[in-house]
Amino acid sequence: MVAQVIDGKAFAAKVRAQVADQVAKLKEENGITPGLAVVLVGEDPASQVYVRSKGKMTVEVGMNSYEHKLDVDTSEEDLLALVDKLNNDPAVHGILVQLPLPKHLNEDLVINSIDPAKDVDGFHISNVGLLGTGQKSMVPCTPLGCLMMLRDHHGSLSGMDAVVIGRSNIVGKPMAQLLLGDSCTVTIAHSRTKDLPDVVRRADIVVAAVGRPEMVPGDWIKEGATVIDVGINRIERDGKNKLVGDVDYASAAERAGAITPVPGGVGPMTIACLLANTLTACCRVNGLPEPEGLTA
Ligand code: GUN
């Protein structure tokens, strides 16, 4: 079997176009412009790239972008004061504090100081609890993007066997909750899982989110399974820098029914879902109907 390639770049462009349409409608009919505030502490190069890209795409869909760049030695008190100010600013509907934070700042404390209704990352403990109990919440962007692609490909996911490899708070655990919410039978596998190849071979859906280059070989993949590769790993091969996923793409594509490439798969969906979450947060706080197809 040769897998169908799930084009995350095209899908993300479609999601952003849907967001842009809804934003234009909100402005015209309600006089409201959604606003996203992004807070970056320090000068981590990868974080700077992400933040720039987020700001650009926020403006492209017609939203207001507020960027707050703070010194690497900003105190916790000052950062919490900024979050408090953004929590109370009615022009700000979504707040994202870029992670990782410098070591002297307590990430849990900072994330849990964000108003849960503005927590467009879905990392606040209230949103984690709401998702875990099947209640309306803000859903972390990367797993939400994966879910959208899976629903688009399969329609219903009900009754499918899903394996999530990786148990991070940002991807693995919320991904498992979302798949359970769509009535999959879900296994969360991790570094201590016994017989990982056999566990993966049983799955109709494999979501790989471990951050280890090409650790899932094609012969672990069941014929016809759908493979969602969340990994973005920079490696050197043949003297060149290259981005690869957590799945060995070439061998997996020979067995899978559908697969996301790296780059151009899950990656572009994360920012698209951040914009979707900001729109959702804006609609909720204004008592307006939520945008269709852009939430879990
Ligand atoms: N750093 C890398 N990815 C993310 C993300 O999705 N959200 C936040 N807040 N920080 C990140």
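See above for the structure.
Residues numbered from 1 in each chain as written. Predicted model: local features only at pLDDT ≥ 70, side-chain atom pairs only at ≥ 80, totals over all residues. Heavy atoms only, no water.

Take helix H6 (residues 141–154) next. With 14 residues, H6 should cover 20 Å at 1.5 Å per step; its first-to-last C-alpha distance of 20 Å lies within 8% of that length. Most of H6 is tucked away, with ten of its 14 residues classed as buried. Listing the buried residues of H6 in full gives Cys 141, Thr 142, Pro 143, Leu 144, Gly 145, Cys 146, Leu 147, Met 148, Met 149 and Leu 150. Packed against the buried residues of H6 are helix H1 (8–30), helix H7 (172–181), strand E7 (205–208), strand E8 (226–229) and helix H10 (267–285). Gly 155 occupies a position one or two residues after H6 and carries a positive phi of about 75 degrees. (Helix = DSSP H or I, 4+ residues; strand = E, 2+ residues; numbered from the N terminus. Expected span 1.5 Å × (residues − 1). Buried < 20%, exposed > 50% of the residue type's maximum accessible area, 1.4 Å probe, protein only. Contact = heavy atoms within 4.5 Å.)

A few words now on the layout of surface pockets. Over the atoms rolls a probe the size of a water molecule, and in doing so it shows where empty space is left. Each pocket or cavity is described by its volume, and for the largest pocket that value is around 1400 Å³. As for the largest pocket, its lining consists of 45 residues, and the residues nearest its centre are Tyr 50, Thr 142, Ile 232, Gly 267 and Thr 270. Contributions of two or more residues to the lining of the largest pocket are made by helix H2 (45–60), strand E4 (94–97), H6, strand E9 (233–237) and H10. Examining the composition of the lining of the largest pocket, we find that seven residues originate from one element, H2, more than from any other. By residue class, the composition of the lining of the largest pocket is 26 nonpolar, twelve polar and seven charged. If you trace the second largest pocket, you find 17 residues lining it, with Gly 122, Phe 123, Val 128, Asn 169 and Ile 170 closest to the centre. Looking at the lining of the second largest pocket, the elements with two or more residues in it are helix H4 (107–111), helix H5 (125–132) and H7. For the lining of the second largest pocket, the class distribution of residues is nine nonpolar, five polar and three charged. (1 Å grid on protein atoms, 1.4 Å probe; cavity = no way out; pocket = protein on both sides within 12 Å on 5 of 7 lines; lining within 4 Å. Points joined across faces, edges and corners; volume = space filled by probe spheres on them. Nonpolar A, V, L, I, M, F, W, Y, C, P; charged D, E, K, R; others polar.)

Let's shift gears to the side chain of Asn 87. Here Asn 87 shows up in helix H3 (residues 76–87). Once you skip the residues sitting within four places of it in the chain, Asn 87 turns out to touch Ile 95, Ser 113, Ile 114, Asp 115 and Lys 118.

For the rest of this paragraph, the subject is H10. A rise of 1.5 Å per residue sets the reference length of H10, with its 19 residues, at 27 Å; its end C-alpha atoms lie 28 Å apart and thus fit the reference within 8%. Within H10, 14 of the 19 residues are buried, which leaves it mostly tucked inside the rest of the structure. Phi turns positive one or two residues past the end of H10, at Gly 287, with a value near 65 degrees.

Geometry only, nothing functional implied.
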